[in-house]
Amino acid sequence: MKRNRIILHIDMDYFYAAVEERENPCLKGKPVVVGADPKEGKGRGVVSTCNYEAREYGIHSGMPISKAYKLCKDCEFLPVNMDLYRAVSKRIMDMLKKYSEKYQQVSVDEIFLDISQNVNSFREAEEYAKRIKEDIKEREDLTCSIGIGPNKLIAKIASDYEKPDGITLIKPEKVLDFIYPMKVRKLWGVGPKTEEKLNEMGVKTIKDLSKTKQDILIKEFGSLGHDLHLMSKGKDNSEVKEKEGIKSLGRETTFQEDISDGKIVLDEIVSLCERTHKLLEKENLFFRTVTVRIRFEDFETHTSSKTIPLASTSLNKMISVAEELAKKYIKDKRKIRLVGVRLSKFSQKEEQKVLA
Ligand code: DCP
Ligand code: MG
Ligand code: MG
């Protein structure tokens, strides 16, 4: 018989805000929001994250900072100090990667570990998870939440279940009881659109999904339908494995109507840079190449790139390069239909030091 796998998913609690609290203990107990400058309610960016005290006010990641300000004017609003969070993340992840040869870091604050070879039972896995939590607490004075399950999907859902500072163990025989009552939104690949479509089909919970015929799911959702069918039964065969390095990251916008005003195009470039920068932060990468793509009203499409000598994480640098690249297109008489910004030639901090 094939032995069960034992997978951990570790996710740091309110990560950026927790690092800020640690650096400045007077913040402890107060509602703390990390993100764009609220400018007394006029700020235009978003909340990166907030601590659990601020969540009591209804504030959450991705919310416009102006809205967060309205919900809680007395919150501590702090700017994003990405270099600090990156450094802390790197230390924690390096430490966690020692707990298993099979790991997969999925973002700045989370990682999967396949500990099937390191422990003999789910009971031992729980002890292993406790040790990991203590280790992070001792070395970095931060808390995390850990999910333990027979696959990545279940471990990931479990780590979110008793946040903050929790351990949730879901043994194979308990998987269905655990996920059946949950909304389909909890599953991978189910965003707002898929959720709506499933709801329209009368499928709200994972249990409802498990009762839906596989052919219907495949007909409605293509290959996602196949995965939905497996996931609804608590199955996920994907390996814990580091992904091949990402080659490029970017965002683009097709305007509602073609644009002749260069200022609007440049404003859009700034906004695309901001959104692309978020992706870069999430992947914890440094970039060297910025590419701008422009499509004119006649669909003729141009790209132009520039590679900077030293790898950078700077949003301002990205914006200045992208603007410089875009300016020559703005001089064209034709209206612009689409703009895009893309980053490539990535490296990680260590390599960047070597370069410098
Ligand atoms: N982040 C961000 N913008 C988002 C979501 C997240 O900048 N829309 C950043 C800030 C978070 C970090 O990524 O601190 C990790 O994201 P998580 O989703 O794990 O959220 P937190 O760690 O902040 O909170 P939780 O305790 O719910 O994990
Ligand atoms: Mg987190
Ligand atoms: Mg996370």
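The text that follows walks through the structure, step by step, so that each part is easy to find. (Residues numbered from 1 in each chain as written. Chains lettered and ligands numbered in written order. Predicted model: local features only at pLDDT ≥ 70, side-chain atom pairs only at ≥ 80, totals over all residues. Heavy atoms only, no water.)

## A word on the coordination of the magnesium ion (ligand 2)
Summarising the metal site, the magnesium ion (ligand 2) is bound by the protein donors D11 (OD), M12 (O) and D109 (OD), whose distances to it range over 2.0 to 2.2 Å. Geometry at the magnesium ion (ligand 2) is octahedral, judged from its 6 donor atoms and the angles of 79 to 176° they form at the metal. Each donor residue of the magnesium ion (ligand 2) belongs to the same chain, with the gaps between them written as D-M-x96-D. Between the two metals, the magnesium ion (ligand 2) and the magnesium ion (ligand 3), the spacing is 3.5 Å, and D11 donates to both. In this pair, M12 is assigned in strand β1 (residues 7-12) and D109 in the loop between β5 (102-107) and β6 (110-114), connecting sequence segments 97 residues apart. There is no split in this pair, since M12 and D109 are both buried. (Donors = N, O, S within 2.8 Å, 3.2 Å for Na, K, Ca; no water. Tetrahedral: all angles 85-135°; square planar, octahedral: opposite > 155°, others 65-115°. Helix = DSSP H or I, 4+ residues; strand = E, 2+ residues; numbered from the N terminus. Buried < 20%, exposed > 50% of the residue type's maximum accessible area, 1.4 Å probe, protein only.)

## Focus: unusual backbone geometry
Note the cis peptide between K163 and P164, where omega equals -10°. On the secondary structure map, P164 appears in the loop between α6 (152-159) and β8 (167-169). Positioned with a positive phi, D165 is a non-glycine residue whose angle comes to about 60°. Within the element layout of this structure, D165 appears in the loop between α6 and β8. Judged by relative accessible area, D165 falls into the partly exposed class, the value being 45%. Although it is not a glycine, K345 sits at a positive phi angle of roughly 50°. Given a relative accessible area of 48%, K345 falls into the partly exposed group.

## Remarks on the nonpolar core
Considering soluble globular proteins, one finds that nonpolar side chains tend to be buried as a cluster. Counting 38 residues, the largest nonpolar core has F15, L96, I132, I136, L142 and I148 as its most contacted members. Residue contributions to this core peak at 7 residues, all from helix α4 (residues 82-96). Here I136 is in contact with M12, I92, M95, L96, D141, L142 and C144, once residues within four sequence places are set aside. Counting 28 residues, the second largest nonpolar core, distinct from the first, contains L266, I269, A322 and L343. (Core = buried A, V, L, I, M, F, W, Y, C linked by side-chain atoms within 4.5 Å. Contact = heavy atoms within 4.5 Å.)

## A short note on the packing of aromatic side chains
Within this structure, the stated rule accounts for 8 aromatic pairs. Look at Y69 and F77: their rings are 5.8 Å apart centre to centre, the planes differ by 40°, and that puts the pair in the tilted class. F77 matches Y69 in its accessibility class, with the two residues each being buried. Between Y99 and Y128, the ring centres sit 5.7 Å apart and the planes meet at 90°, which makes this aromatic pair edge-to-face. Taken together, the positions of Y99 in the loop between α4 and β5 and Y128 in helix α5 (residues 122-140) put the pair 29 residues apart, joining distant regions of the chain. Owing to a relative accessible area of 9%, Y128 belongs among the buried residues under this scheme. Members of the aromatic cluster, connected to one another through ring pairs, are F15, Y16 and Y85. One Lys or Arg, K197, reaches over the ring of F221 and ends 4.8 Å from the middle of that ring. Taking the ring centre of F296 as reference, the NZ or CZ of R334 above it sits at 4.1 Å. (Phe/Tyr/Trp six-rings, centres within 6.5 Å; stacked < 30°, edge-to-face > 60°. Lys NZ or Arg CZ within 6 Å of the ring centre and 35° of its normal.)

## Brief notes about the environment of L96
Summarising the element assignment, L96 is placed in helix α4. Judged by its relative accessible area of 1%, L96 is buried. Residues in contact with L96, not counting those within four places in the same chain, are I10, I111, L113, I132 and I136.

## Quick look at the pairing of strand β7 (residues 144-149)
Counted residue by residue, β7 has 6 buried out of 6 residues, so it is predominantly covered. Direction of pairing for β1 relative to β7: antiparallel, over a ladder of 6 bridges. From the neighbouring strand, I10 faces β7, where its bridge partner is I146. Relative to β8, β7 runs parallel, the two being bridged by 3 bridges. Residue pairing for β8: G147 is matched across the bridge by T168. Chirality of the crossover, the property in question, places the unit of β7, α6 and β8 among those that are left-handed. (Pairing = 2+ DSSP bridges. Right-handed = clockwise from strand over helix to strand, strands pointing away.)

## Structural notes on the pattern of salt bridges
Enumeration over the complete set of coordinates arrives at 23 salt bridges. With a shortest N-O distance of 3.2 Å, E252 and R293 are connected by a salt bridge. On the criterion of sequence distance, the pair formed by E252 in strand β9 (residues 248-259) and R293 in strand β10 (residues 287-296) is long-range, its members being 41 residues apart. On the basis of relative accessible area, R293 is assigned to the partly exposed category, the value being 26%. Where salt bridges share partners, they join R22, E23, R91 and E140 into one cluster. (Salt bridge = Lys/Arg side-chain N within 4 Å of Asp/Glu carboxyl O.)

## Here we look at helix α12 (residues 262-283)
The terminal C-alpha atoms of α12, which comprises 22 residues, lie 31 Å apart, in line with the 32 Å expected from a rise of 1.5 Å per residue. Of the residues making up α12, those classed as buried are G262, V265, L266, E268, I269, L272, C273, T276, H277, L280 and E281. Looking at the buried residues of α12, the elements they touch are α1 (15-23), α4, β9, β10, α13 (315-330) and β12 (336-344). The N-cap residue of α12 is D261: its side-chain oxygen and the backbone nitrogen of K263 are 2.9 Å apart. At the C-terminal side of α12, N284 shows a positive phi close to 60°. (Expected span 1.5 Å × (residues − 1). Polar contact = N/O pair within 3.5 Å; in protein donor to acceptor, adjacent residues only side chain to side chain.)

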